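# Chains, contacts and geometry: an overview
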Amino acid sequence: MGNQLKAKMTLEKNNKIGKVDERIYGSFIEHLGRAVYGGIYDPQHPLADEQGFREDVIDLVKELQVPIVRYPGGNMVSAYNWEDGVGPKEDRPKRLELAWRTIETNEIGTNEFADWAKKVNADVMMAVNLGTRGIDAARNLLEYTNHSGGTYYSDLRKSHGYEQPHNIKTWCLGNEMDGPWQVGHKTAYEYGRIAKETAKAMKLVDPTIELVACGSSSSSMATFPEYDATVLDIAYDEADYISLHQYFGNKEDDPANFLAKNMEMDHFIKSVKATCDYIKAKHRSKKTMMLSFDEWNVWYHSHESDKEIEAWTVAPPQLEDVYNFEDALLVGSMLITLLNHADRVKMACLAQLVNVIAPIMTENNGRSWKQTIFYPYMHASVFGRGVAIKPIVSSPKYDSREYTDVPFVDSAAVYNEETEEVTIFMVNKNLDEDIFLHADVRSFEGYQIVEHIVLQNEDLKATNTAKKQKVAPHSKGESKLQDGVLEATLKTKSWNVIRLKKI
C-alpha cells in the first residue's frame, strides 16, 4: 500500500454514547415557497390523492422514514393565526404572510397537515406563535388538537370533521425569538417569561406534551450563549428541550473549508450543553436539559435568485437550493455529528423537506426527484436506529482557511441490539486521495459485512435533476471483515455506510 493514507478505528460494543431517539431524523415543512403548495399539496397533479396531496412525494418521504415533521414554521409562525387554517376551506381568509412577504391562502392548515403526516407515518412537531400572540392562542390550539371533546375548541375540531384528537405531543414555544428579523422579536428576558407562562398553561391543558424552548438561531449570533442562559434560567423547569439552528454555505467556493464546517456544529452543541448544565447546577436541578437541533442544513445557493422574487404572490419558488455533491458530503458529516451527540440531541429537523432547501424537489403539476442530500439523510434514518457507539478513530488531519486539525475521516456508529446489526457511517473529506481504514470490531463477534454503500462523484459540483441522477449511491464499496478486523477503502471525497450483521 506504500504511502497510502491510513486511518484506524476501534469499535467497542460497550462504548455507548446513548440511545438514538428516532426523532433525530426529523424534518420540517413551513408555509414557505413551494414546500406546501406545489410540494406536498398539488390538487391538480395527476398523482394527487383525494385530499390533493401528491402521492409521489408521499412515497419519497416514506422512503426517508421521517419520524417527525415540524410545522407550520419557522419565521412564518411568528405572525400566524392558526384559526385561519381550520374549518371550511371556502371560508378561510387569504393573508399577508409577513416573514416571506407572500400571500397565504390557508388552503392547508392544522387538520390537513395532521392528515398528511399520518400518510407519511410521521408525528407532528407543532410550533405556536409567540411573536404576535401568546398564552391564549397556544392553549386554545392545544385544546383544539389534543382534547377529546366537550369543550369549545375540541368540539370546534369535531365540527370540522375530526372526531378524534390529533394527540400532538411535541410543541415548539415560538421560533428564533432572538432574531431581529422575527415578527415580535423579544429579548431573552421577554422571551423567557412568555415561554415559561405559555408552557405552564399548555401543560395544564395536556400534561403529557413535551416543549421546546427557543435557543439561539445560530452560534454566530452576538447574543449567544447569553440568550440561551437567560431563557433557561427563567424556563428551566417548564421546558423539556432547547433548540439550536445552524446552516452552512460555501460562497467562497473553498471545498476543504466547507467540508470542515461540521466542526462548528460540534462546537455549537458542546457550548449549548455546557450552558444547559451551568443552569442545571445553578438551580440545583436533577433534570438534564435535552437538545432539539430543529433546523439544520446547507443553505446558500438560492440567496441571489430569492432577491428577484416579486412580493405578495402565492407560493413563489423561494429558497430552492439546487444541491451538489459536496453539499451531500457535508450533510453526511452533520448527521455524523448529531449521532455523536445522541446522549443529548434527542430531536433534529433537516430544514426543510420538499422544494425549500430540501432533499426532495418537485415541478408544479410535474415530476419529483431526489436531490444529492437525499441519500445520506435516508441512509442515516433507515440504518441509524439503535444505540450510538463512539468510534475511537485515528485519522490523518488537515488545516483549512477557518479550521485546524480537521480529521479527513468523520465517523459515527449505531448498534441495533434487537436486529444484531451495526452500521458505520463515514465521510472521507480528502479531495485527492483514498484512505485505507483498519478497524478493530472484535467486540462484535460473528458479524459479517452485509453491504458497503458508497456515494461518490469526481465532480464536487455534480447535481441531480428530474432527468438525470448524476449523484446516486452504489453498494460496491471495497471492504472485508476477517477475524474481527474490518478493512475498507474509503474513496476520495465519499460518503460510506458499512453495515454489519451477526450471521
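Preceding this section is the structure that the text describes.
Here is a short report on the structure shown in this document. (Residues numbered from 1 in each chain as written. Predicted model: local features only at pLDDT ≥ 70, side-chain atom pairs only at ≥ 80, totals over all residues. Heavy atoms only, no water.)

### Digging into the overall build of the chain
This is how it is decided: Under the DSSP-based scheme used, a helix requires at least four consecutive residues in state H or I and a strand at least two consecutive residues in state E, with every element numbered from the N terminus. We call two residues contacting when some pair of their heavy atoms lies within 4.5 Å. Here the open area of atoms and residues is found with the Shrake-Rupley method and a 1.4 Å probe, where only the protein chains shown may cover a residue. Only four residue types enter the charge count: Lys and Arg as positive, Asp and Glu as negative, with His and the chain ends excluded. Working definition for charges: the position is that of NZ of Lys, CZ of Arg, CG of Asp or CD of Glu.
Of the regular secondary structure elements, the chain holds 11 helices and 25 strands. Seen through its C-alpha atoms, the chain measures out along the principal axes to roughly 75 × 60 × 45 Å. Long-range pairs, those at least 24 residues apart, make up 77% of the contacts in the chain with a sequence separation of at least 6. Of the accessible surface of the chain, which amounts to about 19400 Å², a share of 49% is contributed by carbon and sulfur atoms. Distance from the positive charge centre (58 side chains) to the negative charge centre (74 side chains) of the chain: 3 Å.

### Considering a nonpolar patch on the surface
To keep things clear, this is the line we draw: Grouping into patches uses exposed residues only, defined as over 30% relative accessible area, and leaves out salt-bridged ones; the cut-off is 9 Å for like charges and 5 Å for nonpolar side chains (Val, Leu, Ile, Met, Phe, Trp, Tyr). A carboxyl oxygen of Asp or Glu within 4 Å of a side-chain nitrogen of Lys or Arg is what we treat as a salt bridge.
The grouping of L96, L98 and W312 at the surface amounts to a nonpolar patch, some 290 Å² of accessible area in total. Here L98 shows up in the loop between β5 (95–97) and β6 (102–104).

### Overview of the sheet that holds strand β21 (residues 435–440)
The pairing of strands in a sheet comes from backbone hydrogen bonds and takes either a parallel or an antiparallel form. For clarity, the threshold we go by: Pairing between two strands is assigned when DSSP locates at least 2 bridges connecting them. Each axis is a line fitted through C-alpha atoms, and for a helix only the stretch in contact is used; angles between axes span 0 to 180 degrees, taken between their N-to-C directions.
Read from one edge to the other, the open sheet built from five strands follows the order β16-β1-β21-β24-β23, with strand pairing classed as mixed. Each end of this open sheet is capped by a strand with a single partner; those strands are β16 (392–394) and β23 (479–482). The mean inter-strand angle of the sheet, taken between neighbouring strand axes irrespective of direction, is 15 degrees.

### Describing the packing of aromatic side chains
For clarity, the cut-off: Note on aromatic contacts: the rings of Phe and Tyr and the six-membered ring of Trp form a pair at centre separations within 6.5 Å, being stacked when their planes are under 30 degrees apart, edge-to-face when over 60 apart, and tilted otherwise. Exposed residues in this analysis have more than 50% of their type's maximum accessible area, buried residues have under 20%, and partly exposed residues fall in between, with area computed by a 1.4 Å probe over protein chains only.
Counted according to the given criterion, the structure contains 16 aromatic pairs. Ring centres of Y415 and F444 lie 5.2 Å apart, and the angle between their planes is 70 degrees; this geometry places the pair in the edge-to-face category. Here the residue Y415 occupies a position in strand β19 (residues 409–416), and F444 occupies one in the loop between β21 and β22 (447–456), the gap between them amounting to 29 residues. When sorted by exposure, Y415 lands in the same class as F444, which is buried. Within the aromatic cluster, the residues linked to one another by ring pairs are W82, Y144, Y152 and Y153.

### Here's the deal with the side chain of N146
Here is the rule we go by: Under the rule applied, a polar contact is a pair of N or O atoms within 3.5 Å (in protein, one hydrogen donor and one hydrogen acceptor; residues adjacent in sequence only if both atoms are side-chain atoms).
With respect to the helices and strands, the residue N146 is situated in helix α3 (residues 135–146). Only 2.9 Å separates the side chain of N146 from the side chain of T145, close enough to count as a polar contact. Among the polar contacts listed, one links the side chain of N146 to the backbone oxygen of I168, at a separation of 2.8 Å. Not counting chain neighbours up to four residues away, the residues in contact with N146 comprise R157, P165, H166, N167, I168, K169, W171, D206 and I209.

### Considering the state of the cysteines
Quick reminder of the rule: Criterion for a disulfide: a pair of cysteine sulfur atoms at a distance within 2.5 Å.
Evaluated as defined, the whole model comprises zero disulfides. The thiol of C276 is not disulfide-bonded; the next cysteine sulfur, from C214, is found 13 Å away. C276 sits in the buried class, given a relative accessible area of 0%. Not part of a disulfide, C349 finds its nearest cysteine sulfur in C172, a span of 7.1 Å. A relative accessible area of 0% means that C349 is categorised as buried.

### With respect to the pattern of salt bridges
All told, the structure shown has 38 salt bridges when counted by the stated rule. One salt bridge connects D42 with R54, and the closest N-O pair in it is separated by 3.7 Å. Separated by 12 residues along the polypeptide, D42 in the loop between β3 (26–28) and α1 (55–64) and R54 in the loop between β3 and α1 bring together distant segments of the chain. By relative accessible area, D42 is classed as buried at 9%.

### Structural notes on the environment of A195
Its location among the elements puts A195 in helix α5 (residues 188–205). Its relative accessible area of 1% is what places A195 among the buried residues. Put simply, A195 and A235 are 40 residues apart on the chain and 6.9 Å apart in space, counted from C-alpha to C-alpha. Setting aside residues no more than four positions away along its own chain, A195 makes contact with L130 and L173.

### Quick notes on the pairing of strand β10 (residues 241–248)
On any regular strand, side chains alternate: one points to one face of the sheet, the next to the other face. Along β10, seven of the eight residues are buried, which leaves the element largely enclosed by surrounding structure. Taken together, the seven bridges between β10 and strand β11 (residues 290–298) define a ladder with parallel strand orientation. Bridge assignment links S243 to a residue of β11, and that residue is S292.

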